[in-house]
Amino acid sequence: TNPTSGANASTVKKRKNNKIGDFDINLYNQLPASKVKELIDEITNIEALYFPFATSFLFRSLIEVTMDEYLRRNLSTVHPSFPNYFIDSNNKVVSKFEHPRNQSTTIKDIPIRKKIDDFKKHFTNLNLYDKRSLNDLDKLALFIDDLNLSIHWGDKRVSYDALKTHWINSNFFLRFLCEGIK
């Protein structure tokens, strides 16, 4: 499936307006077959206007899975920015704390928000992006929190416009992560 085009030109123009947006086809084609690539296919092809909950769950999943895949492949080189991050025996990104006093170890899941915050710190330390882009990561973390609430609260809704805005504003982040896993 091509994540940037539909069945035919006349349909694409009409349907494209109902979707969350596109993804760079050249970068997409360089990605290995993976869950990341499958999620990109799904999120760029779903009718987000009509299926905002499904699209929001895909968006949340794409952010988390892509961050984890980036960390699996690059943790040894970016480790100073991600202290206590560890890849466990199941290939899961977790936090690991050693307790020297009683010689025990605590392993915990890392919330998506913490991962986003740690990536922001990493980008800040390396002076990779402008302040506005970094602020968009803060907004993305808040939006992910809202997406999580929409799962558990019966009256919480996700707007199509918010999905599109966060897709556009976090594009630099997804590109960075995908560049690191291709």
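Just above sits the structure.
Parameters at a glance
Every residue gets a number counted from 1 within its own chain, in the order that chain's sequence is written. Local features in a predicted model are, by the rule used here, given only for residues with pLDDT of at least 70; side-chain atom pairs are given and counted only at 80 or more, and totals for whole chains, interfaces and linings are based on all residues. Processing note: side-chain calculations cover all non-hydrogen atoms of the structure and skip hydrogens and water entirely. Think of it this way: a Phe, Tyr or Trp ring, Trp meaning its six-membered ring, pairs with another when their centres are within 6.5 Å, and the plane angle makes it stacked under 30 degrees, edge-to-face over 60, tilted otherwise. The secondary structure listing takes helices from DSSP runs of H or I that are at least 4 residues long and strands from runs of E that are at least 2 residues long, numbered from the N terminus. For every residue, the accessible area (1.4 Å probe, protein chains only) is compared with the maximum for its type, and the residue is labelled buried under 20%, exposed over 50%, or partly exposed between those bounds. Criterion for a charge above a ring: Lys NZ or Arg CZ within 6 Å of the ring centre, and within 35 degrees of the ring normal. Axis definition: a line fitted to C-alpha atoms, limited for helices to the stretch in contact. Angles are taken between N-to-C directions and run from 0 to 180 degrees. Between 65 and 115 degrees an angle is taken as roughly perpendicular, under 35 as roughly parallel, over 145 as roughly antiparallel, and anywhere else as oblique. The contact rule is simple, with two residues in contact once any of their heavy atoms fall within 4.5 Å.

Trainee: Where do I start with the packing of aromatic side chains in this structure?
Mentor: Per the counting criterion, the structure on display carries 13 aromatic pairs. When the centroid spacing of 6.1 Å and the interplanar angle of 55° are considered together, the rings of Phe59 and Trp167 count as tilted. Of the two residues, Phe59 is situated in helix α4 (residues 52–78) and Trp167 in helix α7 (residues 160–169); the sequence distance between them amounts to 108 residues. Trp167 shares its class with Phe59; the two are buried. Judged by centre distance (4.8 Å) and plane angle (65°), the ring pair of Phe82 and Phe119 falls under edge-to-face. With Phe82 in the loop between α4 and β1 (85–87) and Phe119 in helix α5 (residues 112–126), the pair connects residues that are 37 residues apart, well separated along the chain. The two residues Phe82 and Phe119 agree in class, both being buried. In textbook terms, an aromatic cluster arises when at least three aromatic residues are bridged by ring pairs, as seen for Tyr70, Phe82, Tyr85, Phe119, Phe123, Tyr129, Phe172, Phe173 and Phe176. Over the aromatic face of Tyr28 sits the side chain of Lys37, whose NZ or CZ is 4.8 Å from the ring centroid. One cation-aromatic arrangement involves Lys96 over Phe86; the distance from NZ or CZ to the ring centre is 4.1 Å.

Trainee: Explanation requested: the packing of α7 against helix α8 (residues 171–179) in the structure shown.
Mentor: To describe two helices that pack against each other, one gives the angle between their axes and the distance between the axes. It is at 4 Å that the axes of α7 and α8 come closest, and there the two elements cross at 50°. With respect to α8, the element α7 is oriented oblique. Contacts between α7 and α8 pair Trp167, Ile168 and Asn169 from the former with Asn171, Phe172 and Leu174 from the latter.

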